[in-house]
Amino acid sequence: MCGIVGFFDKSGGPAPVGAAVLAMLTALSCRGPDSAGIALWGAEADGVVVRVNPGDGADTEARRREIVRRVSRLGRVRVSAAQGSLLRLVVAKAEPAELALAIEAVAPDVEVVSMGRRLEIVKQVGAPRSLEAQFAVSKVAASHGLGHTRLSTESRVDLSHSQPFWAHGVPDLAIVHNGHITNYHRLRRLYEQQGVRFYTENDSEVIGVYLARKLRAGASLGEALRDSVSELDGSFSYLAATSDAFGFAKDPFCLKPLIVAETDGAVAVANEEIALAAGLPRGYQAREAGAGAVGLWDRPGGLT
Amino acid sequence: MKIVDCTSRSVREINEAIRRLVDGGEPEILVRNPGARHNLAVAILKDVAITIDGSAGYYAGGMSDGVRLTIQGSTGWGVAECMLSGTVVVDGNAGNGAAASIRGGTVVIRGEAAARAGIAMKGGLLVIGGDTGYMTGFMMQRGRIIVCGNAGPALADSMYEGIVFVGGEIAELGNDAVVSEASPEERAEIGATLARYGLKGPDSFRKVVSGRKLWNYDKKELDVWKAAF
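Bear in mind that the values here come from a model prediction, so they are computed numbers and not experimental data. (Residues numbered from 1 in each chain as written. Chains lettered and ligands numbered in written order. Predicted model: local features only at pLDDT ≥ 70, side-chain atom pairs only at ≥ 80, totals over all residues.)

Caption draft 1: Highlighting the overall build of chain B. Each helix and strand in chain B was counted, giving three helices and 11 strands. When the helices and strands of chain B are listed from N to C terminus, the series reads β-α-β-β-β-β-β-β-β-β-β-α-β-α. Its C-alpha atoms give chain B a radius of gyration of 18 Å, near enough to 17 Å, the size a compact globule of 229 residues would have. When its C-alpha atoms are laid out on the principal axes, chain B stretches across 60 × 35 × 25 Å. Sorting the 229 residues of chain B into buried and exposed places 51% on the buried side. Expressed as a percentage of contacts within chain B between residues at least 6 apart in sequence, the contacts between residues at least 24 apart total 22%. (Helix = DSSP H or I, 4+ residues; strand = E, 2+ residues; numbered from the N terminus. Rg over C-alpha atoms; globule rule 2.2 N^0.38 Å. Buried ≥ 20, exposed ≤ 12 C-beta atoms within 10 Å, placed from the backbone. Contact = placed C-beta atoms within 7 Å.)

Here it is in structure tokens:
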């Protein structure tokens with residue numbers, strides 16, 4: 001198992017989406033206590049916001065200083081602070097790929113967890129309830145968000161293997177996945193031959209890589225989600241979002257649960273309705289997404 | 001009518017409270033604030049009216065024998081799973097595997113049913129007021145399914161016996177599923193069943209049954225088997 005949740009506020013925010021996603025994810029805690037995380041698309045930052053895993057057991061402060069020293073050569077560092085298990089930086093202006101390379105060159109276990117103008121990912125080892133203590137997620141206003149609580153089946157339990165996964169290389173694109181991608185090894189070999197770096201041994205990571213490549217080739221998120229239904233193999237319900245689009249895809253055999261509710265003001269998606277009840281006022285209509293179904297909500301005008 | 005409030009209670013405590021009332025001979029029970037939690041009102045073995053005042057999670061009313069359960073919301077996976085007799089009515093939509101493996105009784109989904117509704121049914125009746133998803137009636141062995149709306153792909157795949165009636169469009173038939181028209185007697189029976197639950201279906205229904213080609217292995221029909229697997 002694993003639990004995934006998503007919440008999209010149709011007004012474009014800022015809305016109390018952090019609180020909604022946290023409540024939904026906490027309601028799904030029983031689907032996996034190993035690690036938990038939340039991705040939120042908040043107001044546009046004055047620069048690039050980067051969340052960094054400083055490495056297991058490393059001297060966080062020393063790593064922070066070294067990262068700031070290197071990043072300062074690329075752009076002015078407006079903010080750099082440790083928060084919970086992660087470092088948070090706001091860099092005035094920088095090319096995303098260069099920025100990630102500079103940060104990850106500090107040490108092999110340093111990893112950029114998220115990057116974007118709106119996207120921020122927070123994650124940790126352990127059940128969802130401690131996300132609030134570490135990151136004060138419920139205070140975050142956003143237009144949409146994703147959450148994940150993990151029951152690990154194949155790969156190790158650590159911060160790096162926790163979800164949501166940022167799609168490395170594409171700012172503001174992130175995913176959460178419940179299920180098992182059975183053509184993971186084949187796709188990974190193929191992508192690695194083409195120079196893609198994989199950060200984990202978690203099969204879900206390949207979804208982000210897959211979508212990133214589709215988007216870079218010019219596809220919309222909706223097109224990429226639709227293609228993935230036949231090009232990814234296995235059992236999956238996954239959610240993906242960019243700054244201005246939010247969607248889901250479900251495998252053609254309908255092997256993993258995904259319940260969707262849309263109201264006048266919001267869209268809430270989760271494995272179980274128990275999470276929808278925690279995120280939406282009563283009166284919504286819940287329905288299970290069909291085999292091979294794709295859903296997409298976007299806002300062409302972007303956030304206001 | 002006695003009330004069981006789910007707030008601040010574990011599922012075990014909720015079900016114990018329901019069962020105490022059932023054992024005490026209470027004829028009517030209202031379950032309040034269900035919050036879409038799993039395994040509500042399972043294994044009720046008496047003729048008793050239970051109403052769940054909202055949505056339920058997985059396996060609501062499962063393993064029951066005689067219960068008359070109304071769910072005033074949606075349900076997750078496996079509503080009424082393995083029921084022997086009784087009635088389970090869902091006012092909203094149902095998740096995957098509604099009425100899985102039931103041996104008897106009636107399950108009514110007023111809204112839509114998701115994938116594999118009526119999987120491995122061994123008797124009983126499943127009525128779906130709206131559309132139904134992928135692989136409805138998969139490996140069904142006995143009983144009836146009435147779908148008022150459209151049916152998704154792989155309808156009645158690999159069924160042994162039983163009948164699926166579909167009022168709307170069939171996206172795709174499953175392996176070894178065969179279509180004919182419902183007879184006037186069958187249509188009258190469907191109409192009476194729908195009327196009993198205040199549902200309205202179309203005038204005509206198609207009848208889907210097993211072609212029985214998968215009953216026995218025949219080397220000459222290897223292609224049929226390959227497709228089924």
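Still more to cover.
Caption draft 2: Up close: the overall build of chain A. Regarding its fold elements, chain A presents eight helices and 16 strands. Taking 2.2 N^0.38 as the reference for a compact globule, 304 residues should give roughly 19 Å; the C-alpha atoms of chain A span a radius of gyration of 18 Å, in line with that estimate. Over its C-alpha atoms, taken along the principal directions, chain A stretches across nearly 50 × 40 × 35 Å.

Caption draft 3: Local environment of the packing of helix α2 (residues 60-71) of chain A against helix α3 (residues 96-104) of chain A. Residue and element names in this part refer to chain A. The contact between α2 and α3 brings their axes to 9 Å, and the two run at 140 degrees. In the packing of α2 onto α3, the handedness of the crossing is right-handed. For the pair formed by α2 and α3, the contact residues are I67, R70 and V71 on the first element and L99, A102 and I103 on the second. Looking at the contact of α2 with α3 residue by residue, the classes come out as five nonpolar, no polar and one charged. (Axes fitted to C-alpha atoms, helices over the stretch in contact; angles between N-to-C directions. Left-handed = near helix turned anticlockwise from the far one by under 90°. Nonpolar A, V, L, I, M, F, W, Y, C, P; charged D, E, K, R; others polar.)

Caption draft 4: Looking closely at the sheet that holds strand β16 (residues 294-298) of chain A. All names here are of chain A. The five strands lie next to each other as β9-β10-β11-β12-β16, forming an open sheet whose pairing is antiparallel. Each edge of the open sheet is held by one strand with a lone partner, namely β9 (165-166) and β16. Across five bridges, strand β12 (residues 245-250) lies against β16 in antiparallel orientation. By the bridge assignment, G247 is partnered in β16 with L296. (Pairing = 2+ DSSP bridges.)

Caption draft 5: Seen up close, the environment of A192(B). If you trace the backbone, A192(B) turns up in helix α2 (residues 184-196). Note: C-alpha distance between A192(B) and R206(B) (14 residues apart in sequence) is 17 Å.

Caption draft 6: The pairing of strand β13 (residues 259-262) of chain A, seen in detail. All names here are of chain A. Taken together, the four bridges between β13 and strand β14 (residues 266-270) define a ladder with antiparallel strand orientation. Considered in β14, the bridge of I259 is made with A270. Summarising the sheet, β13 and strand β15 (residues 286-288) pair through three bridges and their orientation is antiparallel. For V260, the partnering residue across the bridge sits in β15 and is R287.

Caption draft 7: Up close: the sheet that holds strand β2 (residues 35-41) of chain A. Residues and elements named next belong to chain A. Taken in spatial order, the seven strands of this open sheet run β7-β2-β8-β1-β14-β13-β15, and their pairing is antiparallel. Looking at the sheet topology across the chains shown, the edges are occupied by β7 (119-125) and β15. The sheet shows a mean angle of 15 degrees between the axes of neighbouring strands, direction not considered. Sitting on the sheet, helix α1 (residues 17-27) is in contact with β1 (2-9), β2, β8 (144-150) and β14, with an inclination near 155 degrees to β1.

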